[in-house]
Amino acid sequence: MKLLEVTQLTKTFGGVHAVSDVSFSVSKGEIVAVIGPNGAGKTTLFNLMTGVYPPTQGNIYFNDTDITCLPTHKVASLGIARTFQNLQVFNNMTVLENVMVGRHIRSRTGLLGAVFPLWPVQVEESKIVESSLEKLALTGLADKAMEQANSLPYGQQKMLEIARAIALEPELLLLDEPAAGLNSSETRDLVDIIYTLRDQGITIILVEHDMETVMEITDRLVVLNFGNKLAEGTPYEIQNNQEVITAYLGEEGL
Amino acid sequence: MKDLLKQKRLRHALILLFTLIIFTLPFLITNNYYLSVLVIIGIHTIVVVGLCLLMGYAGQISLGHAAFYGLGAYTSGILTSTYNVSPWLALLAGAVGTGIIAYLIGIPIFRLKEHYLALATLGFGLIIHVILMEEVELTGGPSGLSKGIPYLSIGSLVLNNDFKFYFLVWILALLALILANNVVHSRIGRALRSIHGSEFAAQSLGVDTGRHKLQVFALSAVYASVAGSLYAHYITFISPSPFGLMTSIQFVVMAVVGGLASIWGPIFGVSVITIMAESLKEFMPLLIPQAGGEYEIVVYGIILVVIMIFMPDGLTATLVKAYEGWRYRKERANETP
Ligand SMILES: Nc1ncnc2c1ncn2[C@@H]1O[C@H](COP(=O)(O)OP(=O)(O)OP(=O)(O)O)[C@@H](O)[C@H]1O
Ligand SMILES: [Mg+2]
C-alpha cells in the first residue's frame, strides 16, 4: 500500500532548480534512501514534504490525502516526523523535555489546563513523561534524561532528535543525514535503532552519504542529481546503474 | 524520575519560604510609605509575571502592556463608579474583555516578527492611550475619572488601607506566580519554550506556534488587566498618565532586569526598578534641579543597554551563577587539605 506519493515535484529558488519534476512513492513499512551529491536537492525535498515551503509545482499525497500546501505543524499532526541535517535540538530545555515536546500532538492539555493543572492534567503529564523515557531508552539516552540538551556530545544530540521525532508516533519518519558525524559504533547503534523502528511499523525515508550503511539497510533508493531524479531501484540496481556510477559514485572515485 | 521529583520539591520549598517572608514583612514595616511601595511592587509583579511568560517563554516582545493594564483599570473604574457594578465582577469583566481584545488584535499583530511586532504593540498602546485621553464622556479625559472608585472589600472587610490591601495584592501576586509556574511546566509551556529553542523544529513536532503565541499574549494581557483593576481600587482615582508608553517601557525593563526565563525574575526586576524609580524621584531634583520627567527614560535606556551587554540572562540569573561559582570554589577549597 502506498503511504507517500510525490508527483512531479518542483521547487525553484530564484533561478536555482533545487528540485525539478521529481516523482516517486513509498510503501508502508519500507526503508527508502534518497541519495545524491551535495546540493542535489535532498533536504529541499524533505522540506517540501514537511510543509516548510510550498512547491513551485507538483503534489504530495500522504495516505491518499493531499498535503501539498499544509503548514508544517499540520503535516506533523498527520503523522510525519523528521530530524534535521543541522541539529535543531531545543538547547534551552533538558533532554527529557525535548522528547516531551515530541508528545505534543499526542496530548491535549490546553491553556486553561496548563494554568490550573487538575488531576486529569497531571495524569496526562505523567503519561507524557513515561512514554518519553521509553523513547530515550530506545535511543540509548535513558541516563541523560535530566541533562541540558546542549550538554550532550554531537552524536547523542542526533539520537535525541530521533527520540523526539518518534515520540510523535509517526507513520513516516524522515531522517536527514542521521549518520553524519557519528563514529562507527554510534553508526552501528543507529542502524539497530532504524531496524527497531521499522519493526514497530514505522516507514522510514533517509538522506545519507554513508554508502555502506545506505546499501545495507535500505529496500530502495531514489537518486537525485541537480534536482532531477536520476534513478530509482534496489541497492543492487543502483550500484550497477551506469548513469549513477558516472554522475554520482564516479565523482567520489568509486 | 527521582531527580524530577526532587526538583519539584525544591521549587515548592522555595515558594513556601518566599510566601512566609512576604507575609511577615507588613508586620515589621510600620512606615506607610514603604508599605505603599511594596503594594505597588506587588501590582507591578503581576503585570511583569505575565510579560515574562510572553517575552521569556514565547520569545515575543510587547511595548504595549500598559494599555492592557489601563484597560483593566478603566473597566474597573468606570463599571464600579459610574454603573455601580460590584468591584469583583468588574475585575472579572475587565480580565475577560482585555483577554479577548488581546487575542483579537494579536491575530494581525503576530503575523509580524521582532521589531515590527514591537512597533505594532507600541502602536496599539498609543491608540489605547489616545482613547483614554479623548473619550472624555466615558473616561473623564486627561483629568481622569471624576467619581470616586470604591475600595475593594472581602465580605464585610473593606480594604481601605495599605496594610489590608497589601495582603490581597500579594496573595494575588503569588497566585499569579504559581499559575505562571504551572504554565511553564505544562504541555503549553514546553511548546512555548520549544518555539524559543527552534521554531522550525517545534513546528515539525506539530506545535502550532502561532496559536500558542497568541494564547500567551492573551494570558499576559489578562494578568495586566487584573493588576490594573487592583491599581484602580488601591489608588481609587485614575487618569490616563500611568498607562502610557513610559509605563510599557518600564514593564519591559523590569522583565529584562529580572531575567526573562525564571519565575523569580519578575519580583526581583520589579523591586529593583520600582525602588530605583522612587529614589530617583527623591534625589534627582537635588542633583539636577531643572530635570523634568524625561530623565526617567534616559535612565531606563542606560539600564537596558548595560543589562543587555553585561548580563544578557538578567540580574537574577547572573546572581545565581555568581553564588553557584562561589559555592563551588568554597567546596573546592574545603576539599584540598
Ligand atoms: N532556502 C533556500 N534558498 C535558496 N536556495 C536554496 C534554499 N535551500 C536550498 N537551496 C539551494 O537548493 C539546492 C539544493 O539544496 P539542498 O539543501 O536541498 O541540497 P542537499 O541535497 O540537501 O545537499 P547536502 O548534501 O549538501 O545537504 C542548492 O543549490 C541550494 O543552494
Ligand atoms: Mg541536505
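Calculation notes
- Residues numbered from 1 in each chain as written.
- Chains lettered and ligands numbered in written order.
- Predicted model: local features only at pLDDT ≥ 70, side-chain atom pairs only at ≥ 80, totals over all residues.
- Heavy atoms only, no water.
- Donors = N, O, S within 2.8 Å, 3.2 Å for Na, K, Ca; no water.
- Helix = DSSP H or I, 4+ residues; strand = E, 2+ residues; numbered from the N terminus.
- Buried < 20%, exposed > 50% of the residue type's maximum accessible area, 1.4 Å probe, protein only.
- Pairing = 2+ DSSP bridges.
- Polar contact = N/O pair within 3.5 Å; in protein donor to acceptor, adjacent residues only side chain to side chain.
- Contact = heavy atoms within 4.5 Å.
- Domains from an automatic or database assignment.
- Phe/Tyr/Trp six-rings, centres within 6.5 Å; stacked < 30°, edge-to-face > 60°.
- Near = heavy atom within 4 Å.
- Areas by Shrake-Rupley, 256 points an atom, 1.4 Å probe, with all protein chains shown as cover.
- Nonpolar A, V, L, I, M, F, W, Y, C, P; charged D, E, K, R; others polar.

Q: Teacher, can you tell me more about the coordination of the magnesium ion (ligand 2) here?
A: By definition of the ideal shapes, four donors in a tetrahedron about a metal sit 109.5 degrees apart, and six donors in an octahedron sit 90 or 180 degrees apart. Residues and elements named next belong to chain A. Each protein donor to the magnesium ion (ligand 2) is listed here as Thr43 (OG1) and Gln85 (OE1); together their distances run 1.9 to 2.0 Å. Of this pair, Thr43 sits in helix H1 (residues 42–49) while Gln85 is found in the loop between strand S6 (80–82) and helix H3 (95–102), placing the two residues 42 residues apart along the sequence. For Thr43, a relative accessible area of 25% corresponds to the partly exposed category.

Q: Would you mind going over the pairing of strand S7 (residues 172–176) of chain A with me for this structure?
A: Each regular strand carries side chains that alternate between the two faces of the sheet. All names here are of chain A. Among the 5 residues in S7, 5 count as buried, and that is most of the element. As paired strands, S6 and S7 are joined by 3 bridges and run parallel to one another. The partner of Ile80 across the bridge, within S7, is Leu172. The pairing of S7 with strand S8 (residues 203–207) spans 5 bridges and is classified as parallel. In the strand pairing of S8, Leu172 is matched with Thr203.

Q: Help me understand the side chain of Ser107(A) in this model?
A: Turning to its location among the elements, Ser107(A) is positioned in the loop between H3 and helix H4 (111–115). Residue class for Ser107(A) comes out buried when judged on its relative accessible area of 5%. At 2.8 Å, the side chain of Ser107(A) and the backbone oxygen of Arg103(A) are in polar contact. Each residue touching Ser107(A), except ones within four places of it in the same chain, is listed here: Glu124(A), Ile128(A) and Arg187(B).

Q: How should the domain arrangement of chain A be read in this particular structure?
A: In terms of domain boundaries, chain A breaks down into domain 1 (2–79 + 170–253) and domain 2 (90–153). Each of domain 1 of chain A and domain 2 of chain A has a C-alpha centre, and these two points are 29 Å apart.

Q: Sorry, what's going on with the packing of aromatic side chains here?
A: Each aromatic ring pair is characterised by the separation of its centres together with the angle its planes make. Residues and elements named next belong to chain B. Under the definition given, this model contains 19 aromatic pairs over all chains. Here Tyr69 and Phe251 contribute two aromatic rings whose centre-to-centre distance is 5.4 Å and whose plane-to-plane angle is 85°, an arrangement assigned as edge-to-face. Highlighted residues: Tyr69 in helix H3 (residues 65–81) and Phe251 in helix H11 (residues 245–258), separated in sequence by 182 residues. The two residues Tyr69 and Phe251 agree in class, both being buried. Relative to Phe167, the ring of Tyr166 has its centre 5.7 Å away and its plane inclined at 75°; by these criteria the two rings are edge-to-face.

Q: Even after reading the chapter, I still don't get the site of ligand 1, so can you show me in this structure?
A: Residue and element names in this part refer to chain A. Lining the immediate environment of ligand 1, one finds 13 residues, of which Gly39, Lys42, Thr43, Thr44 and Gln85 sit closest. Here an oxygen atom of ligand 1 and a side-chain polar atom of Lys42 are 2.7 Å apart. Between ligand 1 and the protein, one listed contact pairs an oxygen atom with a side-chain N or O atom of His209 at 3.1 Å. Notes on ligand 1: free accessible area 640 Å², of which the protein chains cover 63%. Mapped by element, the contributors of at least two residues to the shell around ligand 1 are strand S2 (16–27) and H1. Of the residues forming the shell around ligand 1, the biggest block, 3 residues, is contributed by H1. When grouped by side-chain class, the residues that make up the shell around ligand 1 number 4 nonpolar, 7 polar and 2 charged.

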